[in-house]
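Now for the letters of each chain:
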Protein chains: 2
Amino acid sequence: MTAGPAEDTRTRLLHTALRLFTEHGVEGTSLQMIADALGITKAAVYYHFKTKAELTEAVAEPGIRDLDELVLRAGAQKRRGAQVDLLLEGFVDLVVRHRTLVALFSSDPGLIRAIEKSAHGGMEGFGQALLGILSGPAPDTTSRVNAMVALTGIAMAGGSPDLASLDDEELRTELLDVGRRLLGRPRRRTHLPVSTL
Amino acid sequence: MTAGPAEDTRTRLLHTALRLFTEHGVEGTSLQMIADALGITKAAVYYHFKTKAELTEAVAEPGIRDLDELVLRAGAQKRRGAQVDLLLEGFVDLVVRHRTLVALFSSDPGLIRAIEKSAHGGMEGFGQALLGILSGPAPDTTSRVNAMVALTGIAMAGGSPDLASLDDEELRTELLDVGRRLLGRPRRRTHLPVSTL
DNA sequence: GTCTATACCAAGATAGAC
DNA sequence: GTCTATCTTGGTATAGAC
């Protein structure tokens, strides 16, 4: 890993912030706590990030980027069935990859507000885009409810400490399964079985 | 409780606080905002509630009480099927009755922390109790995931602004339906009278 | 380029006057 | 029952050490 001495502190800040955010919530985590955890001062944090909102946004950025790309890829599919399948699989992958972060997205108003202020223009758009693809054009109420329960349920369950002991493959299979059931998609075995023990 | 002229301000405080909490989140709402909205000072708020956490707890109390009663009633059922059905129906009713509040429960770390500190000993217990009843004794992973997705999905969807336009009956039917599907309970479409104690 | 010292204002909280 | 004054901590900003 080619990391200069500057990136070191910045990266440690991002990791420490995410950890504390999941423990105490975004607004429940002070810059003082983050600084103390790293043995630096509050002002040092401000050298790397102009505001707390900017730090928060940087913490969330990897998840946002993946989400963005997912929405684009799904929207590019021709058949609606393919759109739904790709979105569901991609969303589950994303949740598994960023377990704690996605839980924050769905459950921390502090995170949402911090992002709203900043460049990305907020998170609302993503929620609506995901729901739009999953529930289709001119959806009836039941479709909308199913899509919402699927998305929020998968996100919250994936980030829950209760399921932290599951390995990625297992969690992925379970979430995909429940998602397919809710969205009325045929169930099939997941990607490639890594081993056939 | 004795009803006196004191209750007037107290009640207005509770209503105003809930409204601002749903708008800005618990930690995004300052006591100053609440005081300003009522035309009093911060210190006046402190006359009615010793701490912000206590005010927060008082706002959440009706929902907590209903949850508590629901867990007790469900646990008292003999057959497991009856436990699940009663819990699901009761939970959906509760979500519909306290739409905004339940959304706060599932999505605001500020609320959770405020309650954790106070008497009720936290909300963790309820989550575990609900999950325990829904997924049964010695549940497999799939059952646990289904129960988690059902509970969090129902709570979040019920409180979502996206579904705020649905009337209570419609929302109740939809949530019950999706819950039954996730939990593998037979679907029925009519109200059943809640069994009397 | 990286950080410390320090000061400012808003917010949670307390003490005491009216 | 409500207000003024005050204390502490948290987010923010800047000046300056190295």
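Cut-offs used in this document
- Residues numbered from 1 in each chain as written.
- Chains lettered and ligands numbered in written order.
- Predicted model: local features only at pLDDT ≥ 70, side-chain atom pairs only at ≥ 80, totals over all residues.
- Heavy atoms only, no water.
- Helix = DSSP H or I, 4+ residues; strand = E, 2+ residues; numbered from the N terminus.
- Buried < 20%, exposed > 50% of the residue type's maximum accessible area, 1.4 Å probe, protein only.
- Contact = heavy atoms within 4.5 Å.
- Areas by Shrake-Rupley, 256 points an atom, 1.4 Å probe, with all protein chains shown as cover.
- Axes fitted to C-alpha atoms, helices over the stretch in contact; angles between N-to-C directions.
- Parallel < 35°, antiparallel > 145°, perpendicular 65-115°, else oblique.
- Left-handed = near helix turned anticlockwise from the far one by under 90°.
- Nonpolar A, V, L, I, M, F, W, Y, C, P; charged D, E, K, R; others polar.
- Salt bridge = Lys/Arg side-chain N within 4 Å of Asp/Glu carboxyl O.
- Expected span 1.5 Å × (residues − 1).
- Least-squares fit on C-alpha atoms with pLDDT ≥ 70 in both.
- Domains from an automatic or database assignment.
- Buried area = accessible area lost by both parts, 1.4 Å probe.
- Polar contact = N/O pair within 3.5 Å; in protein donor to acceptor, adjacent residues only side chain to side chain.

Enquirer: Which parts of the structure should I look at to understand the overall build of chain A?
Expert: Of regular secondary structure, chain A possesses 10 helices and zero strands. When the helices and strands of chain A are listed from N to C terminus, the series reads α-α-α-α-α-α-α-α-α-α. Across the 197 residues of chain A, 50% fall into the buried class. Considering only residue pairs separated by 6 or more positions, chain A has 65% of its internal contacts joining residues 24 or more positions apart. Put simply, chain A shows about 9,900 Å² of open surface, and 55% of that area lies on carbon and sulfur atoms.

Enquirer: Looking at this structure, I do not really get the packing of helix H5 (residues 80–97) of chain B against helix H8 (residues 124–135) of chain B. What am I missing?
Expert: Residue and element names in this part refer to chain B. Two elements in contact, H5 and H8, have axes whose closest approach is 8 Å; the angle formed by their N-to-C orientations is 135°. Judged by the angle between their axes, H5 and H8 are oblique. Crossing hand, H5 versus H8: left-handed. On H8, the residues that touch Arg80, Gln83, Val84, Leu87 and Phe91 of H5 are Leu130, Ile133, Leu134 and Ser135. Residue classes in the contact of H5 with H8 are distributed as six nonpolar, two polar and one charged.

Enquirer: Quick question: what am I supposed to make of the pattern of salt bridges here?
Expert: A side chain of one charge can pair with a side chain of the opposite charge when the charged atoms of the two come close. Enumeration according to the criterion identifies 18 salt bridges over all chains in this entry. Taking the shortest distance from any N to any O, the salt bridge between Asp85 of chain A and Arg185 of chain A comes out at 2.9 Å. Of this pair, Asp85 of chain A sits in helix H5 (residues 80–97) while Arg185 of chain A is found in the segment after helix H10 (168–183), placing the two residues 100 residues apart along the sequence. Given the relative accessible area of 15%, Asp85 of chain A is considered buried. The salt bridge involving Glu23 of chain B is made with Arg19 of chain B; its shortest N-O contact spans 3.6 Å.

Enquirer: Could you clarify how one ought to interpret unusual backbone geometry in this entry?
Expert: Peptide bonds are trans in most cases, and residues, glycine excluded, mostly fall at negative phi. Phi at Ala138 of chain A is positive, roughly 50°, even though this residue is not glycine. Take Ala138 of chain A: it is sitting in the loop between helix H8 (124–135) and helix H9 (141–159).

Enquirer: What's the story with H5 of chain A in this structure? I'm lost.
Expert: In an α-helix, one turn spans 3.6 residues; hence positions three or four apart end up facing the same way. Taking 1.5 Å of rise per residue, 18 residues should cover 26 Å, and H5 of chain A covers 25 Å from first to last C-alpha, within 8% of that figure. Most of H5 of chain A is tucked away, with 15 of its 18 residues classed as buried.

Enquirer: Quick question: what am I supposed to make of the relation of the copies chain B and chain A here?
Expert: Look at the two chain copies: a rotation about an axis and a shift along it is all it takes to match them. The operation relating chain B to chain A is a screw motion whose rotation component is 179°, with 0.1 Å of axial translation and a residual RMSD of 0.2 Å. Such a combination of turn and shift is consistent with a two-fold rotation axis.

Enquirer: Is there a simple way to think about the domain arrangement of chain A in this case?
Expert: Size of an interface, as often reported, equals the accessible area lost when the parts are brought together. Residues and elements named next belong to chain A. On domain assignment, one finds that chain A holds domain 1 (1–50) and domain 2 (60–186). Put simply, the middle of domain 1 and the middle of domain 2, counted by C-alpha atoms, are 27 Å apart. Of the residues lining the interface, six residues belong to domain 1; the matching set on domain 2 comes to seven residues. Summed over both sides, the interface of domain 1 with domain 2 buries roughly 490 Å², with 69% coming from carbon and sulfur. The interface formed by domain 1 and domain 2 includes one salt bridge. Across the pair Arg113 and Glu27 runs a salt bridge, and its minimum N-O distance is 2.4 Å. Applying the counting rule to domain 1 against domain 2 returns two residue pairs in polar contact (both at pLDDT 80 or more). Looking at the side of domain 1 that touches domain 2, its residues break down into three nonpolar, two polar and one charged.

Enquirer: Is there a simple way to explain the packing of H9 of chain A against helix H10 (residues 168–183) of chain B in this structure?
Expert: Any two packed helices are characterised by the angle at which their axes cross and by the distance between the axes. Look at H9 of chain A against H10 of chain B: their axes get within 10 Å of each other, and the N-to-C directions meet at 55°. Put simply, H9 of chain A runs oblique to H10 of chain B. Remark: the crossing between H9 of chain A and H10 of chain B carries right-handed chirality. Residue-level contacts link Thr141, Thr142, Val145, Asn146 and Val149 of chain A of H9 of chain A to Glu170, Glu174, Leu175, Val178, Arg181 and Leu182 of chain B of H10 of chain B. Residue classes in the contact of H9 of chain A with H10 of chain B are distributed as five nonpolar, three polar and three charged.

Enquirer: Where do I start with H8 of chain B in this structure?
Expert: Residue and element names in this part refer to chain B. Taking 1.5 Å per residue, 12 residues should reach 16 Å; H8 reaches 16 Å between its end C-alpha atoms and fits that length. Three or more residues of H8 are buried, namely Phe126, Leu130, Leu131, Ile133, Leu134 and Ser135. For H8, the elements touching its buried residues are helix H4 (52–75), H5, helix H9 (141–159) and H10. Backbone geometry just after H8 places Gly136 at a positive phi near 80°.

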